[in-house]
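Each chain, letter by letter, is given below.
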Amino acid sequence: MEFPQQQKPAGDSKITYPPGVKEITEKISNDEVVKRLKMVVKTYMDMDQDSEEEKQQYLNLALHLASEFFLRNPNKDVRLLVACCLADIFRIYAPEAPYTSHDKLKDIFLFITRQLKGLEDTKSPQFNRYFYLLENLAWVKSYNICFELEDCNDIFIQLFKTLFSVINNSHNQKVQMHMLDLMSSIIMEGDGVTQELLDTILINLIPAHKNLNKQAYDLAKTLLKRTVQTIETCIANFFNQVLVMGKSSVSDLSEHVFDLIQELFSIDPLLLTSVMPQLEFKLKSNDGEERLAVVRLLAKLFGAKDSELATQNRPLWQCFLGRFNDIHVPVRLESVKFASHCLMNHPDLARDLTEFLKVRSHDPEEAIRHDVIVTIINAGKKDLNLVNDQLLGFVRERTLDKRWRVRKEAMMGLAQLFKKYCLHHEAGKEQAQKISWIKDKLLHIYYQNSIDDKLLVEKIFAQYMVPHSLDTEEKMKCLYYLYACLDTNAVKALNEMWKCQNMLRGLVRELLDLHKLPAVSHASSSHHTPLHHTTQNLPDAGKAQDFMKRFNQVLGEDEKLRVQLDTLISPTCSCKQAELCVREITRKLTFPKQPTNPFLEMVKFLLERIAPVHIDSEAISALVKLLNKSIEGTADDDEEGVTPDTAIRSGLELLKVLSFTHPTAFHSAETYESLLQCLKMEDDKVAEAAIQIFRNTGQKIETELQQIRSTLIPVLHQKAKRGTPHQAKQAVHCIHAIFCNKEVQLAQIFEPLSRSLNADVPEQLITPLVSLGHISLLAPDQFASPMKAIVANFIVKDLLMNDRSVGNKNGKLWTSDEEVSPEVLAKVQAIKLLVRWLLGMKNNQSKSANSTLRLLSAMLVSEGDLTEQKKISKSDMSRLRLAAGGAIMKLAQEPVYHDIITPEQFQLCGLVINDECYQVRQIFAQKLHLALVKLLLPLEYLAVFSLCAKDPVKERRAHARQCLLKNISIRREFINNNPLAHDKMMSLLPEYVVPYMIHLLAHDPDFTKPQDFEQLRDLKECLWFMLEVLMVQNENNSHAFLRKMVENIKQTKDAQCPDDPKANEKLYIVCDVALFVIVNKSTACHLESPKDPVLPSKFYTPPDKPKPSPVLSTVNKTLTVPGRRVYNKTTGSDSNTSTHSQPSSPDTVTSDLTTGASTIPKPRRGRPPKATPSPLANEKEGGAGKGRKRAAPAQDSAPSGEPNSIKIPKAEDVTQILDLQRQILDLVR
């Protein structure tokens, strides 16, 4: 624009004022100036651009109004009116302004800009004039004149700052529109936007300013949207200098670049078209904090609800995903946090995120694994469709995380999903089915050893799976159908949970009973045992012990508290009463001045575990009604996803379990009437469960419910005589448990059954044998003598010693239960009857136990074919071997019979674990483990697991190792928790299993050639199988104790055959291999043993005088401590104490009994079999490779040609012995 020569109002140039307006000079008052200016304003407002004459007439006035007198006038009204005049002058004289001086123009526009501040107060009387000024400037685009000025940027900056500062929520849309028009014209019609001007816009987007003036933010936002095409280049240049070139000095906003990028992206992504590649560069920065800032920014950009950045800029998205694997922990953490918003706002990106979340779910940092779970769960709670099965699988894995915080988050998250979608069905049945596995998984966690896990599972069950806040009917309906849908292991875990809670109630009952004793007894240490066991069931045992002592003290001082606690654990306590008691006890222990009370928290843990929040008489009644509806076919079984048969069976199983823990709640005629109806059903399992419920809960039936009694007795008699074996067992036990005249009742069953026994009809023998066996077990004084005749004349002579039928010769080693011949099933029950009869008598006065043990041993030696007539099939022989081995093991649990079991019989029993049939090995190992873990079997039977090292099936070896770990752990825990156990160390200390193991391996039928390298290697494997578990830790210098024990064995002889040089040679070779294993695996074994081990006299003779050893030229040393018998039977109380609340591992119950392991059979050793099974049969059966082994027949005396003493090796044998030494050294290395 060309500026014309400015005309000056010189002395000869007179200023023309509009008609009626007098001259405006400094000499008149402000009021008069305002009055005259208003008329001038009116004149200029009425003029338009076509009024050439008027324009020329008032030119001098226009120049005069730009004088210093007006521009610097202190009166704001004067300044406003002058500004309005000047705005009109620019409008009228456009496109050329009458002012040609650049400085004057700058002063004028700065002056006008200052007047625009008056727009701030919309209630001002002059606001309309300020609005007119703004409107005029915007409409004419007057500020565009400034483009020709060198320092126009100062004017624009001042204008923008003014407009952003005055805008507020009282302005209407027109004001905002004119401001936008004014600023956008400057941006769009200028040559570019300087950094300073850009800063005046962008500063309004910074969070701090945004919060102070929301209208300024909106104005800047709209301005940027309107000018996006023009201003984008300027923005790109700014970010390029800051991000790429690192010139933070170019702007005061440099430190806010990431906030600005986020805001600009939300305004219009096109503003950042050129900036995004710069962010990719920043993502690869070497500075971890810088990468973190960029990741935080991009997380917001990618995660924004309507953002399409991930699809529009795939390289940047892929680069961002790479930050999930960043070396900097905060960067990975921020990436994981972003995933939650991304999953919720962009489900289509879930596939991209899944793989990276998988890796982060295994991150070494606990916080990151925790946030992965939070991310997935939050998305799932919003909409289950947002998380795929793989993402939920990550949460499932983390329920077993090593860190409690992570496990807790995973478990609670799954519980919340279960409650929302499975319990409340918020997304329909299809979605509920998608996560139906959650209930099973959560309950499986109860198998974990951590008490924190168990407590959380109990809390989840009470609050999320079966919410205790529901009314009774709804609550029991949840429980009824939940129980029906659980898998086998989840059911076992739930049963174990109720068992543990019931056990804990019993411990609290013991504690309260102790407080009822006299003061002298009360002050004794008798409180220690229940307090200690209660502490073991609370988190943080160290603190829990102190808190429980304090709680016990409070109980002793506060009788009302004892009454409340007594009511809480009473069998008759209702759920509502329980809630009131818990609330009252908590109130009594609350101290208002304490913000945190760990003592109270611990007591709450205890109360939550013992309070009956689910089950009471009303609840049992509701369950029975549901069961009746299922029986009648009027229940909602199909809608709940279970068949009526499944609902009935699982419902009765549920009632059966509850009958153990809440027997008092069942005592009602209505409940028992329903159970009687179940007894008449065709389903055998249903009837069996009903009988067991009667057995557990019916103690008062005889005295209080005569009608139920009269109906029940004939049903029980019928089940004992003609029901299934399981029903017969439960019926006999039920009669014995609930009737006073049980002798008469049992006699009425015993006599007809004993007279009707007929071996020619084995199908009808099984139930009578079960009933007779259990009757003789429960009432030995009454039936032991009559049973002896039955045993001698029928069981042994007529049934076991005769093979009436010919078995199936298909060569299979195992068949399903349905395929086993009735005669073999009868023989198995006959063996069990013998054991029950002996266990009932608990004495061996008639030597019946010796005869029975010889019979069982003969059955094992003959491979199950006792008559050796070859009529019986191989699968049936497997059944009989298993029964015989299990019978010996059962008798060994009774001390009177354990004492008469010979080492040969023990070896025969133990070798069943190496049977050629996979299922025999599997079932025998499970029975052995269960008896050992309850401390029912002597320690020597733990040595049998060492033979599992030879099992060709990897799963069986792994299972055996887990059994060893469990048993050793329980024994150590029992010793630590029971001071009296120190008197029975030989029968409890796991290290004392070594002498039994060495003796057992020395008599292994596979160990025939002491110089054979393969056999020595097998020995080493068996020894290390046991020693590895024993030597995990060197507690109390146990490694030296083991070494000393083995050395002491070498100073003795084999008590089984002390005069047999070969037997002793094998014994010493096993010791040598054991010593080499111990020495090579431990550096601490050469230390001094804490005490001298004692050897079992049943297996080892007392030490002889020093004599040369025939093996490895060693010299036996004198044993300083005489040997004594190992096994001391633990008392009933000890056994009960050690069997609480250790759920079996799911792995021990999932193997399929109908399939074996497919291996190539290895040549059998020891006594040869009668008939070698065909390879095809072995392949079908999956028999173990080594085949079943038996101990060699015992020799009563040494051969006549051999002296009783041990020979010294001859000179020619030295080479052979040295070779043997080298073989052993090579072996252990």
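Since we're looking at a predicted model, the values are computed, not measured. (Residues numbered from 1 in each chain as written. Predicted model: local features only at pLDDT ≥ 70, side-chain atom pairs only at ≥ 80, totals over all residues. Heavy atoms only, no water.)

Undergrad: It is not clear to me how the overall build of the protein chain should be interpreted in this structure. Could you clarify?
TA: Across its full length, the protein chain carries 59 helices and 0 strands. Within the span of the protein chain, comprising 1229 residues, buried residues form 55% of the whole. Contacts in the protein chain between residues at least 24 apart in sequence constitute 75% of all its contacts with a sequence separation of at least 6. (Helix = DSSP H or I, 4+ residues; strand = E, 2+ residues; numbered from the N terminus. Buried < 20%, exposed > 50% of the residue type's maximum accessible area, 1.4 Å probe, protein only. Contact = heavy atoms within 4.5 Å.)

Undergrad: I keep staring at the nonpolar core and nothing clicks. Help me out?
TA: Nonpolar side chains tend to gather and get buried jointly when the protein is soluble and globular. Counting 364 residues, the largest nonpolar core has Tyr44, Tyr143, Phe239, Leu279, Phe945 and Ile998 as the members making the most contacts within it. Apart from the residues lying within four places of it in its own chain, the contact partners of Tyr143 are Phe109, Ile112, Thr113, Leu116, Leu137, Ile155, Phe156, Leu159, Leu182 and Ile186. Membership of the second largest hydrophobic core comes to 32 residues, among which are Val508, Phe551, Ala578 and Leu589. (Core = buried A, V, L, I, M, F, W, Y, C linked by side-chain atoms within 4.5 Å.)

Undergrad: Just checking my understanding: could you explain the side chain of Ser630 for this structure?
TA: Looking at the secondary structure, you find Ser630 in helix H35 (residues 617-632). With near-sequence residues (within four places) excluded, Ser630 lies in contact with Tyr480, Ala635, Asp637, Pro644, Ala647 and Ile648.

Undergrad: Could you clarify how one ought to interpret a positive patch on the surface in this entry?
TA: Residues Lys499, Lys729, Lys832, Lys890, Lys927 and Lys934 make up a contiguous surface patch of positive charge. Here Lys499 shows up in helix H28 (residues 488-515). (Patch = residues over 30% accessible without salt bridge, like charges linked within 9 Å, V, L, I, M, F, W, Y side chains within 5 Å. Areas by Shrake-Rupley, 256 points an atom, 1.4 Å probe, with all protein chains shown as cover. Salt bridge = Lys/Arg side-chain N within 4 Å of Asp/Glu carboxyl O. Lys, Arg positive; Asp, Glu negative; His and termini not counted. Charge placed at Lys NZ, Arg CZ, Asp CG, Glu CD.)

Undergrad: Explanation requested: a nonpolar patch on the surface in the structure shown.
TA: Residues Val244, Met245 and Phe281 make up a contiguous nonpolar surface patch of about 290 Å² in total accessible area. Checked against the element boundaries, Val244 lands in helix H13 (residues 228-244). Taking relative accessible area as the criterion, Val244 reaches 38% and is therefore assigned partly exposed.

Undergrad: Whenever I open this one, the environment of Cys422 confuses me. Can you help?
TA: Its location among the elements puts Cys422 in helix H23 (residues 404-423). Between the alpha carbons of Cys422 and Ile438 there is a distance of 9.4 Å; along the sequence they are 16 residues apart.

Undergrad: Sorry, what's going on with helix H26 (residues 451-465) here?
TA: One full turn of an α-helix is made of 3.6 residues, so residues set three or four places apart face in the same direction. Its 15 residues place the ends of H26 20 Å apart at the C-alpha level, agreeing with the 21 Å of an ideal helix rising 1.5 Å per residue. The buried fraction of H26 is high, at 12 of 15 residues. By the burial criterion, the buried members of H26 are Ile451, Asp453, Lys454, Leu455, Leu456, Val457, Glu458, Ile460, Phe461, Ala462, Tyr464 and Met465. Each element contacted by the buried residues of H26 is listed here: H23, helix H25 (437-444), helix H27 (472-485), H28 and helix H34 (598-610). Capping of H26 at its N-terminal end is provided by Ser450; its side-chain oxygen lies 3.2 Å from the backbone amide nitrogen of Asp452. (Expected span 1.5 Å × (residues − 1). Polar contact = N/O pair within 3.5 Å; in protein donor to acceptor, adjacent residues only side chain to side chain.)

Undergrad: What is the right way to read the packing of aromatic side chains from this model?
TA: The way to describe two aromatic rings as a pair is by their centre distance and the angle between their planes. All chains considered together, the criterion is met by 22 aromatic pairs. Seen in terms of ring centroids, Trp317 and Phe338 are 6.2 Å apart; in terms of plane orientation they differ by 70°. Their pairing is edge-to-face. Of this pair, Trp317 sits in helix H18 (residues 314-321) while Phe338 sits in helix H19 (residues 329-345), and the two are 21 residues apart along the sequence. Overall, Trp317 belongs to the buried group, its relative accessible area being 0%. (Phe/Tyr/Trp six-rings, centres within 6.5 Å; stacked < 30°, edge-to-face > 60°.)

Undergrad: Help me out: how do you make sense of helix H40 (residues 706-722) in this one?
TA: With 17 residues, H40 should reach 24 Å at 1.5 Å per residue; the first-to-last C-alpha distance of 25 Å fits that figure. Considering bend angle alone, the principal kink of H40 is centred on Leu712 and spans about 25°; proline Pro714 follows within four residues of it. Along H40, the positions that sit buried rather than exposed are Ile708, Arg709, Leu712, Ile713, Val715, Leu716, His717, Lys719 and Ala720. In the core, the buried residues of H40 are packed alongside helix H37 (669-679), helix H38 (684-697), helix H39 (701-704), helix H41 (725-738), helix H42 (742-755) and helix H43 (766-778). (Bend = angle between axes of the 7 residues up to and from the residue.)

Undergrad: Looking at this structure, how should I read the side chain of Gln905?
TA: Examined against the element boundaries, Gln905 turns out to sit in helix H49 (residues 903-910). Sequence-distant contacts of Gln905, defined by excluding residues within four places in its chain, comprise Leu853, Arg854, Ser857, Ile888 and Ile900.

Undergrad: Teacher, can you tell me more about the confidence of the model for the protein chain here?
TA: Should the pLDDT be low somewhere, the predicted coordinates at that spot are not to be read in detail. For the protein chain, mean pLDDT is 82; residues scoring 70 or higher make up 88% of the total. Averaged over each element, pLDDT in the protein chain is lowest for helix H57 (residues 1132-1137) (34) and highest for helix H50 (residues 918-933) (95). Across residues 1107-1218, where pLDDT falls below 50, the model places 225 contacts with residues more than four positions away in sequence or in other chains. (pLDDT = per-residue confidence, 0-100.)

Undergrad: Help me understand unusual backbone geometry, please; the structure alone is not making it clear to me.
TA: Peptide bonds are trans in most cases, and residues, glycine excluded, mostly fall at negative phi. Not every positive phi belongs to a glycine, and His425 is a case in point at roughly 50°. By the element assignment, His425 lies in the loop between H23 and helix H24 (428-434). Look at His425 and you get partly exposed, because its relative accessible area is 40%. Positive phi, close to 65°, is recorded for Glu863, a residue that is not glycine. Relative to the assigned elements, Glu863 resides in the loop between helix H46 (848-861) and helix H47 (874-891).

Undergrad: Is there a simple way to think about a negative patch on the surface in this case?
TA: The grouping of Asp471, Glu473, Glu474, Glu618, Asp638, Glu639 and Glu640 at the surface amounts to a negative patch. Here Glu639 shows up in the loop between H35 and helix H36 (644-661). Residue classification places Glu639 among the exposed residues on the basis of a relative accessible area of 55%.

Undergrad: Could you clarify how one ought to interpret the pattern of salt bridges in this entry?
TA: Note that side chains of opposite charge can pair when their charged atoms are close. Across all of its chains, the model carries 47 salt bridges by this definition. In this structure, Lys950 and Asp1004 form a salt bridge, with 2.2 Å as the shortest nitrogen-oxygen distance. With Lys950 in the loop between H50 and helix H51 (954-977) and Asp1004 in the loop between helix H53 (993-1002) and helix H54 (1013-1030), the pair connects residues that are 54 residues apart, well separated along the chain. Classification of Lys950 by relative accessible area gives buried; the value is 8%. Salt bridges here are not isolated pairs; linked through shared partners, they connect Arg509, Asp513, Lys516 and Asp566.

Undergrad: Looking at this structure, I do not really get the packing of helix H5 (residues 76-92) against helix H6 (residues 102-115). What am I missing?
TA: Packed helix pairs are specified by the crossing angle of their axes together with the interaxial distance, meaning the distance between the axes. Between H5 and H6, whose axes approach to 10 Å, the crossing angle comes to 125°. Taken together, H5 and H6 sit at an angle that is classed as oblique. The hand of the H5/H6 crossing is left-handed. Taking contact as the criterion, the partners of Arg79, Leu80, Val82, Ala83, Leu86 and Phe90 in H5 are, on H6, Leu105, Ile108, Phe109, Phe111, Ile112 and Gln115. Within the contact of H5 with H6, the residues separate by chemical class into 10 nonpolar, 1 polar and 1 charged. (Axes fitted to C-alpha atoms, helices over the stretch in contact; angles between N-to-C directions. Parallel < 35°, antiparallel > 145°, perpendicular 65-115°, else oblique. Left-handed = near helix turned anticlockwise from the far one by under 90°. Nonpolar A, V, L, I, M, F, W, Y, C, P; charged D, E, K, R; others polar.)

Undergrad: Help me understand the packing of helix H1 (residues 30-46) against H5 in this model?
TA: Interhelical geometry of H1 versus H5 gives an angle of 20° and a closest axis separation of 9 Å. The orientation of H1 relative to H5 falls into the category roughly parallel. By crossing handedness, the relation of H1 to H5 is classed as left-handed. Here Asn30, Val33, Val34, Leu37, Lys38, Val40, Val41, Tyr44 and Met45 of H1 come into contact with H5, specifically with Asp77, Val78, Leu81, Val82, Cys84, Cys85, Asp88, Ile89, Arg91 and Ile92. Along the lines of polarity and charge, the residues of the contact of H1 with H5 split into 14 nonpolar, 1 polar and 4 charged.

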